[in-house]
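Take a look at the letters that make up each chain.
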Amino acid sequence: MNQIESQLSGLHLHGMNRTWQALLETRRAHELTLAEGLEILLQAEVEERTNKRFERLVKEAKFRYQASIEELIYDASRGFDRSIIATLSTSSYIQKGESVLITGSSGCGKSFLTSALGHHACSKGYSVRYYNIQKLLQGAKIARLDGTIIKLFDKIAKTQVLILDDFGLAHIEQQQLMDLMEIIEDRHGRNATIIASQLPVKNWYDIIGEATIADAILDRLVHTSFRIEIKGESLRKKQ
């Protein structure tokens, strides 16, 4: 028995190893057929690896909040449409490389919703990155100076779900607009992008300012997007 445990551990089959020890402790190991025992051990290993991947993906995403789809409170008066969330929960928007645009006043729950969608994507095995958009563009500015900009853009382009929070809160410089356009262009039709903003989508053109860049960015975001407009005052005021 010790040899089996040692080999399972040596092969890094930790889920199987723990379950094997549990079967021995509960005296079930000798009650199962080979096929039954193997099925239990393999299922345990699958669950172990799935959980480990989820934990790694969440850690790499760097979410603003620990949130889940199950925690969302559906209130039609606030714009939370259960059918839209149900559709997004299928992850089809990720597979199609579509965008999700979430708008609403400060403190209304936009960041919580984006975090919940991101956590759900991680649970399905998708890679996610969560950024405050201003910090991302500042990071791109630094990366351009130290010669790592291509590496940064490549990492962002390959991320299956990119979350950009707080769009439109601060002025975006000309080069940053170009960087944002390149980020959106690289992802268009390939990977999903979720953007949260206090400002309604109809104002985004004016926020971007540069007509050519605004056309390029919004054309790739708006036409095939899911829209969620959260209504009502800040939830922070009610606490």
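Note that the coordinates shown come from a computational prediction; the quantities given were computed from them, not determined experimentally.

(A) Region of interest: the overall build of the protein. Helix and strand counts for the protein stand at 11 helices and five strands. On C-alpha atoms alone, the protein measures out to a radius of gyration of 22 Å, which is more than a quarter above the 18 Å that the 2.2 N^0.38 rule sets for 239 residues. Principal-axis analysis of the C-alpha atoms places the extent of the protein at approximately 70 × 50 × 30 Å. Split into buried and exposed, the 239 residues of the protein put 46% on the buried side. Within the protein, residue pairs in contact and separated by at least 24 positions form 80% of the contacts whose partners lie at least 6 positions apart. Total accessible area on the protein is roughly 13,400 Å²; 53% of this is exposed by carbon and sulfur atoms. Between the centroid of the 31 positive side chains of the protein and the centroid of its 30 negative side chains there is a distance of 3 Å.

(B) Spotlight on helix 7 (residues 133-146). With 14 residues, helix 7 ought to run about 20 Å at 1.5 Å a step, and its terminal C-alpha atoms sit 20 Å apart, in line with that. Where helix 7 is concerned, the buried positions are Ile133, Gln134, Leu136, Leu137, Ala140 and Ala143. Looking at the buried residues of helix 7, the elements they touch are strand 2 (128-132), helix 8 (149-158), strand 3 (161-167) and helix 9 (174-187). Positioned one or two residues after helix 7, Gly147 has a phi angle of 85 degrees, which is positive.

(C) Structural view of the side chain of Ser197. Within the secondary structure layout, Ser197 lies in strand 4 (residues 192-197). A polar side-chain atom of Ser197 sits 3.0 Å from the main-chain amide nitrogen of Leu199. Residues within four places of Ser197 in sequence aside, it is in contact with Ile102, Thr103, Gly104, Lys110, Phe167 and Trp204.

(D) Highlighting unusual backbone geometry. Not every positive phi belongs to a glycine, and His12 is a case in point at roughly 60 degrees. Overall, His12 belongs to the exposed group, its relative accessible area being 54%. Positive phi is not limited to glycine here, since Ser91 has a value of about 70 degrees. Here Ser91 is to be found in the loop between helix 4 (82-89) and helix 5 (92-96).

(E) Spotlight on the pattern of salt bridges. What the rule picks out here adds up to nine salt bridges. A salt bridge links Glu173 to Lys141, with the nearest nitrogen and oxygen atoms 3.5 Å apart. Remark: Lys141 occurs in helix 7 and Glu173 occurs in the loop between strand 3 and helix 9; sequence separation between them is 32 residues. Of the residues examined, Glu173 reaches a relative accessible area of 33% and is grouped as partly exposed. According to the relative accessible area criterion, Lys141 is partly exposed, its value standing at 36%. Taking the shortest distance from any N to any O, the salt bridge between Asp179 and Arg144 comes out at 2.2 Å. Of the two residues, Asp179 is situated in helix 9 and Arg144 in helix 7; the sequence distance between them amounts to 35 residues. When its relative accessible area of 2% is taken as the criterion, Asp179 is described as buried.

(F) Layout of the packing of helix 8 against helix 9. Contact geometry of helix 8 with helix 9 gives a least axis separation of 9 Å together with a crossing angle of 40 degrees. The angle between helix 8 and helix 9 places the two elements in the oblique class. As for the relative orientation of helix 8 and helix 9, their crossing is right-handed in sense. Two secondary-structure elements touch here, helix 8 through Phe153, Ile156 and Ala157 and helix 9 through Asp179, Glu182, Ile183, Asp186 and Arg187.

(G) Structural context of the sheet that holds strand 4. With parallel pairing, five strands are arranged side by side in an open sheet as 2-3-4-1-5. Taken across any chain shown, the strands that pair with only one partner, and hence form the sheet edges, are strand 2 and strand 5 (225-230). On average, adjacent strands in this sheet sit at an angle of 15 degrees to one another, irrespective of strand direction. Bridging between strand 2 and strand 3 involves five bridges; their strand directions are parallel. Pairing of Tyr130 across the sheet is with Ile163, part of strand 3. Along the sheet face, helix 4 touches strand 1 (99-104) and strand 5 and points at about 140 degrees away from the line of strand 5.

Definitions and cut-offs
Residues numbered from 1 in each chain as written. Predicted model: local features only at pLDDT ≥ 70, side-chain atom pairs only at ≥ 80, totals over all residues. Heavy atoms only, no water. Helix = DSSP H or I, 4+ residues; strand = E, 2+ residues; numbered from the N terminus. Rg over C-alpha atoms; globule rule 2.2 N^0.38 Å. Buried < 20%, exposed > 50% of the residue type's maximum accessible area, 1.4 Å probe, protein only. Contact = heavy atoms within 4.5 Å. Areas by Shrake-Rupley, 256 points an atom, 1.4 Å probe, with all protein chains shown as cover. Lys, Arg positive; Asp, Glu negative; His and termini not counted. Charge placed at Lys NZ, Arg CZ, Asp CG, Glu CD. Expected span 1.5 Å × (residues − 1). Polar contact = N/O pair within 3.5 Å; in protein donor to acceptor, adjacent residues only side chain to side chain. Salt bridge = Lys/Arg side-chain N within 4 Å of Asp/Glu carboxyl O. Axes fitted to C-alpha atoms, helices over the stretch in contact; angles between N-to-C directions. Parallel < 35°, antiparallel > 145°, perpendicular 65-115°, else oblique. Left-handed = near helix turned anticlockwise from the far one by under 90°. Pairing = 2+ DSSP bridges.

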